[in-house]
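Listed below are the residues making up each chain.
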Amino acid sequence: MVSFAEFHQRSIDPATRDAFWTEQARWVDWAQAPQQICDYSNPPFARWFADGRLNLCHNAVDRHLADRAEQAALIAVSTETETEKTYSYRELHTEVQRMAAVLQSFGVEKGDRVQIYMPMVAEAVFAMLACARLGAIHSVVFGGFAAVSLASRIEDAQPKVIVSADAGSRGGRVVPYKPLLDEALGLSAHKPQAVLLVNRGLAKMDLRAGRDHLWGDLRARYMDAQVPCTWVQSTDPSYILYTSGTTGKPKGVQRDTGGYTVALAASMPHIFGTQPGQTFFCTSDIGWVVGHSYIVYGPLIAGMATILYEGLPIRPDAGVWWSLVEKYRVTHMFSAPTAVRVLKKHDAAFLRQYDLSSLQALWLAGEPLDEPTAQWISEALQVPIIDNYWQTETGWPILTLCNGVQPQVSRFGSPGKAVYGYNVQLLDDKTGEELTEPDHKGVLAIEGPLPPGCMQTVWGDDARFVKTYWQSIPGKLVYSTFDWGIRDADGYYFILGRTDDVINVAGHRLGTREIEESIAAHPDIAEVAVVGVADNLKGQVAMAFAVVRDAGKVADAAAQARMEAEVMKLVDSQLGAVARPSRVVFVSALPKTRSGKLLRRALQAVAERRDPGDLTTMEDPTALAQVKQLLDA
Ligand code: AMP
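Keep in mind that what you see is a predicted model, and the values were worked out from it rather than measured. (Residues numbered from 1 in each chain as written. Predicted model: local features only at pLDDT ≥ 70, side-chain atom pairs only at ≥ 80, totals over all residues. Heavy atoms only, no water.)

A.B. asks: What am I meant to see in the overall build of the protein chain here?
C.D. replies: Looking only at helices and strands, the protein chain has 20 helices and 32 strands in total. Radius of gyration (C-alpha) of the protein chain: 24 Å, near the 26 Å computed for a compact globule of 633 residues. Dimensions along the principal axes, computed over C-alpha positions, put the protein chain at roughly 70 × 60 × 55 Å. Of the contacts made within the protein chain by residues no fewer than 6 positions apart, 70% connect residues no fewer than 24 positions apart. Averaging the coordinates of the 61 positive side-chain charges in the protein chain and doing the same for the 72 negative ones gives two points 3 Å apart. (Helix = DSSP H or I, 4+ residues; strand = E, 2+ residues; numbered from the N terminus. Rg over C-alpha atoms; globule rule 2.2 N^0.38 Å. Contact = heavy atoms within 4.5 Å. Lys, Arg positive; Asp, Glu negative; His and termini not counted. Charge placed at Lys NZ, Arg CZ, Asp CG, Glu CD.)

Shown next as structure tokens:
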């Protein structure tokens, strides 16, 4: 067996890199196998497998028909609607073709965008795969986002068609989607040609004649549709997924087709150690990158069954996930620390009543994994708990333990070592110098080329891609993750938080600027600052500090509570409840430097009851003192 260190070295060394990735490309079916492996002639833009031709849907569905047509492919479980349906690869193939035919009837073809704003239902997966089949570019928008978030994504991606549904459901409460979509379409300057709606019978829908169509009606017309896969160039985009940054405008992370398919296909054996025919259960949402890679594409490319779960982890009770592990003989499970912290509030007996002997390991990602959480779930499950660190931008793990290459010991608090393909470095943020000695804190950066599967660019904005990600470290063209990290003497990394104003609430990444812009839209708010504050359950929560135009409007506790509720409602309606601040504190001034720069770090420190550090540049020390006093009250 080759050691992981050698495996990793081969994957990044320019002398061996092409040979390494040629081998990995064999996990994938190509219409035309690539001869060009890594073209990095125009850094930082990497073109992987550039002359190869393939189709992502073929790799996820069609190629399994020969060997496993009757095997389970997609298991859609909803504890919200109490439904459970298993689609074999043959059935999935049929449904995807029906969906592809419907999209084609609206004129969707290669390169067109299709926005998918859907709850966790099988049709959302059909729509993603149907786009991939046609070479169309999907852009899934998380169902928890509201009208303004959705509208900005529609304007940016300019979809020809939007696929949506009447409603989602959360904790037994129906969450209508159609009114939000209509509102977003009212706000957006771009209008799609058609809206395709899945009617789940949960909420009434007003249909706009000529624009809105029901999936149920159209599906019936295309029952026997046969839509061949459109072969695309490896570098043709497969999808756009928006993510938050430090500006209010979300970035469209654009992914290619060939690099992504290879990266996912190779990650299944090397990182997860999977076999075709096994069952993968990833509890994320299709609106997030983890859902794209490890609910939909990764497990299907690997010929596994994948569970799509709509519902809470504790409803009807805290045993529901484990009942699915038993029922479907789940071998690989993937979740987030927040979900485990939710489960941890309940008795571990909920887990133990089920036969979990099929389960090989649990992977956790999206936010730091704290020791009590790791310990609790490890004792309860008695399987390895494997932390892994990555970003929407990369599409698959940057740091973890590649136990499929060589089993490795995990180290508490560390997501592991640099994954093959990633030339990870720690850099001094001021000088750009590489920190080669162990235990030095630096910015976690990746030397180009980024490996296959990572973002190609920001959709429609190459300059933003270069400026945002590659020019933040002085004197170096290197990709910044915007996370602080350290590395120990054995190559294990530890993540120490973000270097920018992005916060992480329950594994969901949010930009504080987006929330600030939303709150600032309230006519009574003059100024606002939002910071992330440590939280036992969600990792971080957003806390807002606002200055009102007329102090009389927040004169007493009752008025403040009213204003706070109004602000929260505004954020809910614009961005969605995920972005709602946990608290809105009304202050008379925000702490700023003499040059007028907001002292976010100081605000955050005070909110977390920490020492705010050096405040010599502060304009008015009473501002921070007031924040402290209000929080202590
Ligand atoms: P997202 O793009 O939404 O997946 O968010 C990516 C960010 O989440 C990273 O830049 C980190 O700040 C954080 N993150 C993801 N996974 C981990 C992990 N395993 N440990 C610590 N932080 C993580």
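A.B. asks: Where do I start with the pairing of strand β16 (residues 279-282) in this structure?
C.D. replies: Here is the key point about a regular strand: its side chains alternate between the two faces of the sheet. Covered by surrounding structure in β16 are Thr279 and Phe281 together with Phe280 and Cys282, the residues of both alternating faces. Sheet topology places β16 next to strand β17 (residues 305-310); 3 bridges connect them, and they run parallel. In the sheet register, Phe281 faces β17, and the bridge partner there is Ile307. Regarding topology, helix α11 (residues 289-301) serves as the crossover connection from β16 to the parallel β17, and that connection is right-handed. For β16 and strand β18 (residues 332-335), the ladder comprises 3 bridges, and the chain directions are parallel. Along β18, the bridge assignment pairs Phe281 with Met333. (Buried < 20%, exposed > 50% of the residue type's maximum accessible area, 1.4 Å probe, protein only. Pairing = 2+ DSSP bridges. Right-handed = clockwise from strand over helix to strand, strands pointing away.)

A.B. asks: What's the story with the UniProt feature "domain: AMP-dependent synthetase/ligase" (unreviewed entry) in the protein chain in this structure? I'm lost.
C.D. replies: UniProt annotation of "domain: AMP-dependent synthetase/ligase" (unreviewed entry) refers to residues 64-449 when read in the numbering used here. Secondary structure across residues 64-449 divides into 32% helix and 24% strand, with the first and last C-alpha atoms of the span separated by 32 Å. (UniProt positions renumbered as here; feature names shortened; annotations may be inferred.)

A.B. asks: Before we go on, may I ask you to explain the environment of Asp166 in this structure?
C.D. replies: Summarising the element assignment, Asp166 is placed in the loop between β8 (161-165) and β9 (167-170). On the basis of relative accessibility, which here comes to 1%, the residue Asp166 falls in the buried class. C-alpha separation for the pair Asp166 and Leu401, spaced 235 residues apart in sequence, amounts to 41 Å. When sequence neighbours within four positions are dropped, the list of residues in contact with Asp166 reads Pro176, Tyr177, Lys178, Val198, Asn199, Arg200, Gly201, Leu202, Ala203 and Met205. Looking at Asp166, its side chain comes within polar contact range of the main-chain nitrogen of Gly201, at 3.0 Å. (Polar contact = N/O pair within 3.5 Å; in protein donor to acceptor, adjacent residues only side chain to side chain.)

A.B. asks: Explanation requested: the side chain of Asp500 in the structure shown.
C.D. replies: Along the chain, Asp500 turns up in the loop between β27 (493-498) and β28 (502-505). Residue class for Asp500 comes out buried when judged on its relative accessible area of 13%. A distance of 3.2 Å separates a polar side-chain atom of Asp500 from the backbone nitrogen of Val502. Those residues in contact with Asp500 that lie beyond four places of it in its chain are Thr246, Phe482 and Arg601.

A.B. asks: When you look at the packing of helix α7 (residues 147-157) against helix α8 (residues 178-187) in this model, what are you seeing that I'm missing?
C.D. replies: Two quantities define a packed helix pair, namely the angle between the helix axes and the distance between the axes. Packing of α7 against α8 brings their axes to within 8 Å, and their N-to-C directions diverge by 50°. Of the possible angle classes, the one that applies to α7 and α8 is oblique. The element α7 and its partner α8 pack so that their crossing is right-handed. Residues Ala147, Val148, Leu150, Ala151, Ile154 and Glu155 of α7 form the contact with α8, whose own contacting residues are Leu180, Leu181, Glu183, Ala184, Leu185 and Leu187. (Axes fitted to C-alpha atoms, helices over the stretch in contact; angles between N-to-C directions. Parallel < 35°, antiparallel > 145°, perpendicular 65-115°, else oblique. Left-handed = near helix turned anticlockwise from the far one by under 90°.)

A.B. asks: When you look at the UniProt feature "domain: Acetyl-coenzyme A synthetase N-terminal" (unreviewed entry) in the protein chain in this model, what are you seeing that I'm missing?
C.D. replies: Under the present numbering, the feature "domain: Acetyl-coenzyme A synthetase N-terminal" (unreviewed entry) in UniProt falls on residues 5-60. Helix makes up 38% of residues 5-60 and strand 20%, and the two end C-alpha atoms of the span are 30 Å apart.

A.B. asks: So what exactly am I meant to see when it comes to the packing of helix α5 (residues 89-105) against helix α6 (residues 122-134) here?
C.D. replies: Interhelical geometry of α5 versus α6 gives an angle of 70° and a closest axis separation of 8 Å. Considering their axes alone, α5 and α6 lie roughly perpendicular with respect to each other. For the crossing formed where α5 meets α6, the hand is right-handed. Two secondary-structure elements touch here, α5 through Leu92, His93, Glu95, Val96, Gln97, Met99, Ala100, Leu103 and Gln104 and α6 through Glu123, Phe126, Ala127, Leu129, Ala130, Cys131, Arg133 and Leu134. Looking at the contact of α5 with α6 residue by residue, the classes come out as 11 nonpolar, 3 polar and 3 charged. (Nonpolar A, V, L, I, M, F, W, Y, C, P; charged D, E, K, R; others polar.)

A.B. asks: When you look at the sheet that holds strand β15 (residues 251-255) in this model, what are you seeing that I'm missing?
C.D. replies: Within a sheet, neighbouring strands are paired by backbone hydrogen bonds and run either parallel or antiparallel to one another. An order of β12-β11-β8-β6-β7-β14-β15-β25 is seen for the 8 strands of this open sheet, with the pairing classed as mixed. Edge positions in the open sheet fall to β12 (212-214) and β25 (457-458), since each of these has one partner strand only. Where strand β7 (residues 137-140) meets strand β14 (residues 239-243), 2 bridges bridge the pair, whose relative direction is parallel. Each bridged residue has a counterpart across the sheet, and for His138 the counterpart in β14 is Tyr239.

A.B. asks: Any chance you could explain the sheet that holds strand β5 (residues 83-88) here in plain terms?
C.D. replies: With mixed pairing, the 7 strands of this open sheet are ordered in space as β5-β4-β17-β16-β18-β19-β20. At either end of the open sheet lies a strand with only one pairing partner, and these are β5 and β20 (385-388). Looking at each pair of strands side by side, their axes are set apart by 20° on average, direction ignored. Packing of α11 onto the sheet brings it into contact with β4 (72-78), β16, β17 and β18, and relative to β17 it is tilted by some 150°. Running over the sheet, helix α15 (residues 371-381) touches β19 (361-365) and β20 and is turned about 145° from β20.

A.B. asks: Sorry if this is basic, but what is going on with the site of the ligand here?
C.D. replies: Around the ligand lies a shell of 14 residues, among which Asn388, Thr392, Asp483, Arg498 and Arg509 are the nearest. One of the side-chain N or O atoms of Thr392 is found 2.6 Å from an oxygen atom in the ligand. One of the side-chain N or O atoms of Asn504 is found 3.2 Å from an oxygen atom in the ligand. Protein chains bury 93% of the 490 Å² of accessible surface belonging to the ligand in isolation. Where the shell around the ligand is concerned, the elements lending two or more residues are β20 and β27. The residue inventory of the shell around the ligand, partitioned by class, reads 4 nonpolar, 5 polar and 5 charged. (Near = heavy atom within 4 Å. Areas by Shrake-Rupley, 256 points an atom, 1.4 Å probe, with all protein chains shown as cover.)

A.B. asks: For this particular structure, what's the right way to read the pattern of salt bridges?
C.D. replies: As a working rule, side chains carrying opposite charge can pair if their charged atoms are close by. Within the structure shown, the criterion is met by 37 salt bridges. Notably, a salt bridge pairs Asp355 with Arg329, separated by 3.5 Å at the nearest N-O pair. Note that Asp355 is positioned in the loop between α14 (349-352) and β19 and Arg329 in the loop between α12 (320-328) and β18, a separation of 26 residues in sequence. Judged by its relative accessible area of 39%, Arg329 is partly exposed. Arg600 is paired through a salt bridge with Asp501; the nearest N and O atoms lie 3.2 Å apart. Remark: Asp501 occurs in the loop between β27 and β28 and Arg600 occurs in helix α19 (residues 600-607); sequence separation between them is 99 residues. Residue Arg600 shares its accessibility class with Asp501, and that shared class is buried. Several salt bridges converge on common partners, so that one network encompasses Asp501, Arg513, Glu516, Arg600 and Arg601. (Salt bridge = Lys/Arg side-chain N within 4 Å of Asp/Glu carboxyl O.)

A.B. asks: When you look at the nonpolar core in this model, what are you seeing that I'm missing?
C.D. replies: Note on soluble globular proteins: their nonpolar side chains tend to be buried together. In this structure, Leu103, Leu129, Tyr294, Tyr297, Phe334, Trp396 and Tyr420 are the most contacted members of the largest nonpolar core, which totals 117 residues. For this core, the element with the highest residue contribution is α6, accounting for 11 residues. Ignoring sequence-local partners within four residues, the contact set of Leu129 consists of Cys57, Ala60, Val61, Leu92, Val96, Val296, Tyr297 and Leu300. In terms of nonpolar packing, the next biggest core, distinct from the first, is built from 32 residues, Met333, Leu343, Trp376 and Ala380 among them. (Core = buried A, V, L, I, M, F, W, Y, C linked by side-chain atoms within 4.5 Å.)

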